[in-house]
Amino acid sequence: MPEISIIIPLLDEKESLPELYEWILKSLEGREIEIIFVDDGSTDGSWDVIAALAEKDSRVRGIRFRRNYGKSAALYEGFAAANGSVVVTMDADLQDSPEEIPEMVRMVEEDGYDVVSGWKQKRKDNPITKNLPSKLYNWTARRVTGIKLHDMNCGIKAYRSEVVKSIEVYGEMHRYIPYLAANAGFTKIGEKPVQHQKRKYGKSKFGLSRFVNGLLDLMSLWFLSKFAKKPMHLFGTTGILMFLVGGIMAVWIIVAKLIHQAQGVKYRAVTDQPLFYLALVAVILGVLLFLAGFICELVSRNAQERNKYNIREKIR
């Protein structure tokens, strides 16, 4: 049984794999390890390199997708296959240094961290297209999730095995694994400053669209973590508030008209006032939101995982 499982998702990284393999062995000499390469639909011959490494070294394992599914899918399969008590993830482009792994593993094993995330203090990327958007993205992620990590999307991370076996990574949620872990009850999350290297081969597989997608994924994850099992708390509350605001506005307009009429003061018809139609819209939206919450509640109550919880331990 290996002590450390190293999961490396990759797409078209043929040139870097042999060098990365040797670098890992040198950095973790004396530790029982397994290296799991997850080929996410490469077309450049990366799988042939992985197969050759696996034939040479029994500690190397490989998983190959028939097509490109994305990094989250690769990590999901890697997590499922990992056997080590500590699981490490890193990118295959040689920008993450395996020399950081021993200390990150120590933080998990000895300091009791559930998750240790890398922090690229000095990025070797383009300051306009990568560094600045990354800072904005991480600032937003800290505010929304409440997890004080400087670099939540850093590729190199170490996890207690129980963490990766208790969470589900899907879509593009690999950016928020620390948040997924925290929502699953693994709250001791730390970070370690790590070296960041310039890309040596090929080019980045991620464009600027990842920041837009990342923000949308963050909003989805926040909503699911807060209201997945109680959607009526959001939709129902918002719907009731809008209904009350619209109702109060409509009543106020009608009462004001009646008072003016009784006093003989000139007044406009209720239906001639734009505020009346805004009140009607608020009332209708309030009813629709309440009904949406009710329907979501019915769906949630019938979901198979409505009573799925992470139990830490039991006595008897």
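In what follows, the structure referred to is the one given above.
This one's a predicted model, so the numbers in the text were calculated from it and none came from an experiment.

Caption draft 1: Layout of the sheet that holds strand β3 (residues 60–64). Sheet architecture is open: seven strands sit in the order β3-β2-β1-β4-β6-β5-β7, paired in mixed fashion. Each edge of the open sheet is held by one strand with a lone partner, namely β3 and β7 (189–193). Adjacent strand axes in the sheet meet at a mean angle of 20° when their direction is disregarded. In terms of strand pairing, strand β2 (residues 33–39) meets β3 through five bridges, oriented parallel. Across the sheet, residue Phe37 finds its bridge partner in β3, namely Gly62. Strands in contact with helix α1 (residues 17–27) are β1 (4–10), β2 and β3; relative to β2, the strand with the most contacts, it is inclined by about 160°. Contacting β1, β2 and β3, helix α2 (residues 46–56) runs over the sheet at an angle of about 150° to β3.

Caption draft 2: View of the environment of His196. Within the secondary structure, His196 sits in the loop between β7 and α8 (209–227). Given a relative accessible area of 6%, His196 falls into the buried group. Separated by 75 residues in the primary sequence, His196 and Gln121 place their C-alpha atoms 8.1 Å from one another. Among the polar contacts made by the side chain of His196, one reaches the side chain of Gln95 at a distance of 3.4 Å.

Caption draft 3: View of the pattern of salt bridges. Per the counting criterion, the structure on display carries twelve salt bridges. In this structure, Lys56 engages Glu22 in a salt bridge whose closest nitrogen and oxygen atoms are separated by 3.8 Å. Residue Lys56 is located in helix α2, and its partner Glu22 is located in helix α1; the two are separated by 34 residues in the primary sequence. On the basis of relative accessible area, Glu22 is assigned to the partly exposed category, the value being 44%. As a salt-bridge pair, Lys120 and Asp151 come within 4.0 Å of each other at their nearest N and O atoms. One end of the pair, Lys120, is in the loop between β5 (115–119) and α5 (127–145); the other, Asp151, is in the loop between α5 and β6 (157–160), with 31 residues separating them in the sequence.

Caption draft 4: Here's a closer look at empty space enclosed by the protein. Enumeration over the complete set of coordinates arrives at one cavity of 30 Å³ or more. The space that makes up the largest cavity amounts to roughly 80 Å³. Taken together, Lys71, Leu75, Thr89, Met90, Asp91, Asn153, Cys154, Gly155, Lys157, Tyr159, His174 and Ile177 make up the full set of residues lining the largest cavity. At the level of secondary structure, the elements contributing two or more residues to the lining of the largest cavity comprise α3 (71–81) and β6.

What counts as what
- Along every chain, residues carry numbers that run from 1 in the direction the sequence is written.
- The model is predicted, so local features are restricted to residues of pLDDT at least 70 and side-chain atom pairs to those at 80 or more, both for listing and for counting; the totals for chains, interfaces and linings are taken over all residues.
- Each side-chain value is derived from all of the structure's non-hydrogen atoms; neither hydrogens nor water enter the calculation.
- Two strands are counted as paired when DSSP detects at least two bridges linking them.
- Secondary structure elements follow DSSP: runs of H or I no shorter than four residues count as helices, runs of E no shorter than two count as strands, and numbering proceeds from the N terminus.
- Note on geometry: axes are lines fitted to C-alpha atoms, helical ones only across the stretch in contact, with angles between N-to-C directions running from 0 to 180 degrees.
- Every residue pair with non-hydrogen atoms within 4.5 Å of one another is taken to be in contact.
- We call a residue buried when its accessible area falls under 20% of the maximum for its residue type, exposed when it is over 50%, and partly exposed in between, using a 1.4 Å probe and counting protein chains only.
- Two N or O atoms count as a polar contact when they lie within 3.5 Å, although within protein this holds only if one can serve as hydrogen donor and the other as acceptor, and sequence-adjacent residues are included solely when both atoms are side-chain atoms.
- The salt bridge definition used is simple: a Lys or Arg side-chain nitrogen within 4 Å of an Asp or Glu carboxyl oxygen.
- Cavities and pockets are found on a 1 Å grid laid over the protein atoms alone: a cavity is a set of points where a 1.4 Å probe fits but cannot escape, a pocket is an open set with protein on both sides within 12 Å along at least five of seven lines, and a lining residue has an atom within 4 Å of such a point.
- Grid points are joined across faces, edges and corners, and a volume is the space filled by probe spheres set on the points.

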